[in-house]
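Below, each chain spelled out in residue letters.
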Amino acid sequence: AAGVIQSPRHLIKEKRETATLKCYPIPRHDTVYWYQQGPGQDPQFLISFYEKMQSDKGSIPDRFSAQQFSDYHSELNMSSLELGDSALYFCASSIAYPQSTAGTEAFFGQGTRLTVV
Amino acid sequence: GEDVEQSLFLSVREGDSSVINCTYTDSSSTYLYWYKQEPGAGLQLLTYIFSNMDMKQDQRLTVLLNKKDKHLSLRIADTQTGDSAIYFCAEKVYSGAGSYQLTFGKGTKLSVIP
């Protein structure tokens, strides 16, 4: 079965550079979430989109922005990168209004490991 | 994960049962999840439970939910070395119009001793 695909898997950037992370949700999933997981930390919610509109916002820095496109894929844009942005960035997708309770789970991609040097 | 709490470490012997506990604070949680994360890997959904259920069993996994105490547990029967990982409890809180998020605990690192 198709899963959530994130690209790239690994990314190395220098301070003050920009980075774009991409997420392709499971087909027919209409909701995308972005999470940041620092070393030894639990995943922290950044932002989510439902039907191409931002639906919720967490601890996303102003230097970051994201959007969901008409094909439901999402991109997380990160500017003026700082050393502290080094983390694993996860994307997850789900169906907002499943037809049954069995369809509500959020499935995660493998993550993009961003290293800022 | 300030709204979801877990103990940080658990060690068990291979073949024993593991019980990982989690408490949450938001009474409007709709679903509660258990995710497994192996070193350097992504979050793998193990199982979930709807908030109006009190138990769910899936092969070696048993989830117990005490909604009154906001306590969730994951029991792994016949724990194997391949079960060594970090286990995250997460709650989904739905706030309407497709808007909700998963809030994670800090994870319990399960170490299985051969």
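Being a predicted model, the structure only gives us computed values, none of them experimental.

**A short note on the overall build of chain B**
So, point 1. Scanning chain B from N- to C-terminus turns up zero helices and 11 strands.
So, point 2. Secondary structure elements of chain B occur, N-terminal to C-terminal, as β-β-β-β-β-β-β-β-β-β-β.
So, point 3. Taken over the C-alpha trace, chain B has a radius of gyration of 14 Å; the compact-globule value for 114 residues is 13 Å, and the two agree within 12%.
So, point 4. Referenced to the eigenvectors of the C-alpha coordinate spread, the extents of chain B come out at roughly 45 × 30 × 20 Å.
So, point 5. The buried share of chain B, taken over its 114 residues, is 47%.
So, point 6. Within chain B, counting contacts between residues at least 6 apart in sequence, those at least 24 apart form 56% of the total.
So, point 7. In the structure as shown, chain B presents an accessible area of about 5,400 Å², 50% of it carried by carbon and sulfur atoms.
So, point 8. Positive and negative side-chain charges of chain B, numbering 11 and 13 respectively, have mean locations separated by a distance of 1 Å.

**Comments concerning the nonpolar core**
Considering soluble globular proteins, one finds that nonpolar side chains tend to be buried as a cluster.
So, point 1. By size, the foremost hydrophobic cluster in this structure holds 22 residues, and its most contacted members are A:Trp34, A:Leu76, A:Met78 and A:Tyr89.
So, point 2. Membership of the second largest hydrophobic core comes to 20 residues, among which are B:Val4, B:Trp34, B:Leu74 and B:Cys89.

**Let's talk about the pattern of salt bridges**
So, point 1. Using the criterion set out here, one finds eight salt bridges over all chains in the structure.
So, point 2. Across the pair B:Lys106 and A:Asp42 runs a salt bridge whose closest N-O atoms are separated by 3.4 Å. Of this pair, B:Lys106 sits in the loop between β10 (100-104) and β11 (108-113) while A:Asp42 sits in the loop between β4 (31-37) and β5 (44-50), on two different chains.
So, point 3. Take B:Lys106: its relative accessible area is 46%, and that puts it in the partly exposed class.
So, point 4. A:Asp42 sits in the buried class, given a relative accessible area of 2%.
So, point 5. One salt-bridge network, in which partners are shared between bridges, spans A:Arg63, A:Glu82 and A:Asp85.

**What to know about the environment of A:Arg63**
All names here are of chain A.
So, point 1. Looking at the element boundaries, Arg-63 is found in the loop between β6 (53-57) and β7 (64-68).
So, point 2. In sequence terms Arg-63 and Gly-3 are 60 residues apart; their C-alpha atoms lie 29 Å from each other.
So, point 3. Setting aside anything within four residues of it in sequence, one finds Arg-63 in contact with Asn-77, Met-78, Ser-79, Ser-80, Leu-81, Glu-82 and Asp-85.
So, point 4. Among the polar contacts made by the side chain of Arg-63, one reaches the main-chain carbonyl oxygen of Ser-80 at a distance of 3.1 Å.

**A few points about the sheet that holds strand β3 (residues 18-24) of chain B**
All names here are of chain B.
So, point 1. Read from one edge of the open sheet, five strands run β1-β3-β8-β7-β6, paired in antiparallel fashion. In this open sheet, the two edge strands, each paired with only one partner strand, are β1 (4-6) and β6 (55-58). Strand-to-strand twist in this sheet, taken as the mean axis angle between neighbours without regard to direction, amounts to 15 degrees.
So, point 2. As defined by bridge partners, β3 adjoins strand β8 (residues 71-76) across six bridges and the pair is classed as antiparallel. Note that in β8 the partner of Thr-23 across the bridge is His-71.

**Description of the state of the cysteines**
So, point 1. Applying the stated criterion to the full structure yields two disulfides over all chains.
So, point 2. Two residues, A:Cys23 and A:Cys91, share a disulfide whose sulfurs are 1.7 Å apart. An S-S torsion of about -55 degrees defines the bridge between A:Cys23 and A:Cys91 as left-handed. One end of the pair, A:Cys23, is in strand β3 (residues 19-24); the other, A:Cys91, is in strand β9 (residues 87-94), and 68 residues separate them in sequence.
So, point 3. Given a relative accessible area of 0%, A:Cys23 falls into the buried group.
So, point 4. By relative accessible area, A:Cys91 is classed as buried at 0%.
So, point 5. Each sulfur of the disulfide joining B:Cys22 and B:Cys89 lies 2.0 Å from the other. Taking the torsion about the sulfur-sulfur bond, which here is approximately -60 degrees, the covalent link between B:Cys22 and B:Cys89 counts as left-handed. Here B:Cys22 is found in strand β3, whereas its partner B:Cys89 is found in strand β9 (residues 85-94), with 67 residues between them in sequence.

**Thoughts on the environment of A:Gln6**
Residues and elements named next belong to chain A.
So, point 1. Within the secondary structure, Gln-6 is located in strand β1 (residues 5-7).
So, point 2. Note on Gln-6: relative accessible area 6%, which makes it buried.
So, point 3. Remark: the alpha-carbon pair of Gln-6 and Gln-37, spanning 31 residues in sequence, is separated by 15 Å.
So, point 4. Apart from residues no more than four positions distant in its own chain, Gln-6 is found in contact with Lys-22, Trp-34, Tyr-89, Phe-90, Cys-91, Gly-109, Gln-110, Gly-111 and Thr-112.
So, point 5. From its side chain, Gln-6 meets the backbone nitrogen of Gly-111 in a polar contact 3.0 Å long.

Criteria and thresholds
Residues numbered from 1 in each chain as written. Chains lettered and ligands numbered in written order. Predicted model: local features only at pLDDT ≥ 70, side-chain atom pairs only at ≥ 80, totals over all residues. Heavy atoms only, no water. Helix = DSSP H or I, 4+ residues; strand = E, 2+ residues; numbered from the N terminus. Rg over C-alpha atoms; globule rule 2.2 N^0.38 Å. Buried < 20%, exposed > 50% of the residue type's maximum accessible area, 1.4 Å probe, protein only. Contact = heavy atoms within 4.5 Å. Areas by Shrake-Rupley, 256 points an atom, 1.4 Å probe, with all protein chains shown as cover. Lys, Arg positive; Asp, Glu negative; His and termini not counted. Charge placed at Lys NZ, Arg CZ, Asp CG, Glu CD. Core = buried A, V, L, I, M, F, W, Y, C linked by side-chain atoms within 4.5 Å. Salt bridge = Lys/Arg side-chain N within 4 Å of Asp/Glu carboxyl O. Polar contact = N/O pair within 3.5 Å; in protein donor to acceptor, adjacent residues only side chain to side chain. Pairing = 2+ DSSP bridges. Axes fitted to C-alpha atoms, helices over the stretch in contact; angles between N-to-C directions. Disulfide = S-S within 2.5 Å.

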